[in-house]
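As a plain string of letters, each chain reads:
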Amino acid sequence: MGQNPVRSLKEAVAPHINGDRFKQVAFVPRYYNMGNPRLLCLLLLCVAGGCPKPTLRHERVHQEPQLSDQVHADSENFQYDHEAFLGKEEAKTFEQLTPEESVENLRKIVERIDANQDQFVTTEELKAWIIRVQKRYIYENVAKVWRDYDLNKDNKISWEEYKKATYGYYLDNPEEFLDAADQLSFKKVLPRDERRFKAADIDGDMVATREEFTAFLHPEEFEHMKEIVIYETLEDIDKNEDGFVDEDEYIADMYAQEEGVPEPEWVKTEREQFSDFRDINKDGKMDKSEIKHWILPEDYDHAQAEARHLVYESDKNGDKRLSKQEILDNWNMFVGSQATNYGEDLTRNHIEL
């Protein structure tokens, strides 16, 4: 983490969201659909590095990713399925294994997927596995920062611990933050964090378990946190504070207009997106329900679709669930290996188990 002290905290009022938050609909421009353009600033304390002042780390919030960037065409290859089932990085690792090693590792994975240990894998268990694999980075991120916030090492993080680790320097040295904008930023972001911490704290004791702290850092991934995500989004974009997001506010969130410079084509396209798809009731602005539809759409469940696909393709006895052997018999759909030839029908080369 950087060691440079903060010169200004004017941009530090954005929510502390890490990773892929916003999911754009499929009809945004191709050159633009890699993510919500809003640049968020994460206010962090350099605990491990000994840096006494908060620093800013800039992150772009991306759209909800597809399970894989590969084309889902089983007649050509199973790379989409490999990345969906293993995650992109782990899929690369499997490509370096022999078929025997790949199958043995798959055998161990199946044991983990079978949550109730009934020797069968259901669609729901597969879906849960795919979701966890795709969100592995979230849990890894929480693991990395956990010890920086768990000051008393009791494997929990209280609000007081988080506040001390994140804002302690400011609270103890307010004289160093005399700039009015800096003071205002801290006064806005601290209660905002507290509000989100309370929302994540299911049992209300203001002490976060690892799961609750994960919900605090990554609210977009938890059903009970979606309202806070919507509220914070509205809070960020609604500059006139009327409780809605109009077209100009929507555009201003992603593009700063320069005087005398015409808007680029992608901005014009986004204005059309707002009119045609964001503003559902055509009243010229987005309310909370429309914001939810924008940033947390529920029109397609990629994990559910892939889980159903894997079961359908591997369920040889038609009982709508998979035995360990059915999965291992179709190993090359789930995982890859050095022997995988994506230019051929993989089932012809599959090894006997």
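Everything that follows concerns the structure shown earlier in this document.
These figures come from a predicted structure and were not determined experimentally. (Residues numbered from 1 in each chain as written. Predicted model: local features only at pLDDT ≥ 70, side-chain atom pairs only at ≥ 80, totals over all residues. Heavy atoms only, no water.)

Some details on the pattern of salt bridges
Between side chains of opposite charge, pairing is possible as soon as their charged atoms come close. Here is the rule: Any Lys or Arg side-chain nitrogen located within 4 Å of an Asp or Glu carboxyl oxygen qualifies as a salt bridge. Each helix is a run of DSSP H or I of at least 4 residues and each strand a run of E of at least 2, with the numbering of both proceeding from the N terminus. A simple rule labels every residue: compare its accessible area, found with a 1.4 Å probe on the protein chains alone, to the largest value its type can have, and call it buried under 20%, exposed over 50%, or partly exposed in between.
Scanning the entire structure with this criterion turns up 18 salt bridges. Across the pair lysine 92 and glutamate 89 runs a salt bridge whose closest N-O atoms are separated by 3.6 Å. Taken together, the residues lysine 92 and glutamate 89, both in helix H2 (residues 88–94) and 3 residues apart, mark about one turn of the helix. The exposure class of glutamate 89 is exposed, given its relative accessible area of 55%. For the salt bridge of glutamate 232 with arginine 196, the shortest nitrogen-to-oxygen distance reads 2.6 Å. Taken as a pair, glutamate 232 in helix H9 (residues 226–237) and arginine 196 in helix H7 (residues 180–200) lie far apart in primary sequence, 36 residues in all. Considered together, glutamate 232 and arginine 196 belong to a single accessibility category, that of buried residues. In the salt-bridge network here, residues are joined through shared partners; they are Arg192, Arg195, Arg196, Glu232, Glu235 and Asp236.

Digging into the nonpolar core
What counts is decided by this rule: As used in this record, nonpolar core signifies buried Ala, Val, Leu, Ile, Met, Phe, Trp, Tyr and Cys residues forming a set joined through side-chain atoms within 4.5 Å.
Residues Tyr162, Phe213, Tyr250 and Ile291 are the most contacted members of the largest nonpolar core, which totals 41 residues. Elements that contribute at least two residues to this core include exactly helix H5 (136–149), helix H6 (159–172), H7, helix H8 (210–217), H9, helix H10 (247–252), helix H11 (265–278) and helix H12 (288–295). Considering each element in turn, this core owes the most residues, 6 residues, to H6. Phe85, Phe94, Val103 and Val110 belong to the second-largest nonpolar core, a separate cluster that totals 30 residues.

Topic: the side chain of glutamate 212
Heads up, the condition is: Note that His is not counted, nor are the chain ends; the positive residues are Lys and Arg, and the negative ones are Asp and Glu. Whether two residues touch is decided by their heavy atoms; if any such pair falls within 4.5 Å, the residues are in contact.
Residue position: glutamate 212 is located in helix H8. At 7.7 Å, lysine 156 is the nearest oppositely charged side chain to glutamate 212, a buried residue that forms no salt bridge. Once you skip the residues sitting within four places of it in the chain, glutamate 212 turns out to touch Ala200, Asp201, Ile202, Asp203 and Val207.

Things to note about the environment of leucine 97
Mapped onto the secondary structure, leucine 97 falls in the loop between H2 and helix H3 (99–113). Placed 241 residues apart in sequence, leucine 97 and glutamine 338 show a C-alpha to C-alpha distance of 5.7 Å. In this structure, leucine 97 is in contact with Ser102, Asn105, Ser337 and Gln338, ignoring residues within four places of it in sequence.

Focus on the packing of aromatic side chains
Operational definition: For Phe, Tyr and Trp, where Trp contributes only its six-membered ring, two rings pair if their centres lie within 6.5 Å, and the inter-plane angle classes them as stacked under 30 degrees, edge-to-face over 60, or tilted in between. Remark: a charge is flagged as sitting over a ring if the NZ atom of Lys or the CZ atom of Arg is within 6 Å of the ring centre and within 35 degrees of the ring normal.
Tallied over the full model, the rule gives 14 aromatic pairs. Where phenylalanine 85 meets tryptophan 129, the ring centres are 6.2 Å apart and the plane angle is 45°; that geometry is what we call tilted. Here tryptophan 129 lies in helix H4 (residues 123–134) and phenylalanine 85 lies in helix H1 (residues 79–86), a separation of 44 residues in the sequence. For phenylalanine 85, a relative accessible area of 1% translates into the label buried. Looking at tryptophan 129, the relative accessible area reads 10%, which means it is buried. Between the aromatic rings of phenylalanine 213 and phenylalanine 216, the centroid separation amounts to 5.7 Å while the plane-to-plane angle is 35°, which identifies the pairing as tilted. In this pair, phenylalanine 213 and phenylalanine 216 both sit in helix H8, 3 residues apart, roughly one turn of the helix. You can call phenylalanine 216 buried: its relative accessible area is 1%. Grouping aromatic residues by their ring pairs yields a cluster made of Trp146, Tyr149, Trp159, Tyr162, Phe197, Phe213 and Phe216. Lying across the ring of tryptophan 146, arginine 210 places its NZ or CZ 4.3 Å from the centre.

Honestly, that's just the spatial picture; any functional story needs more than this.
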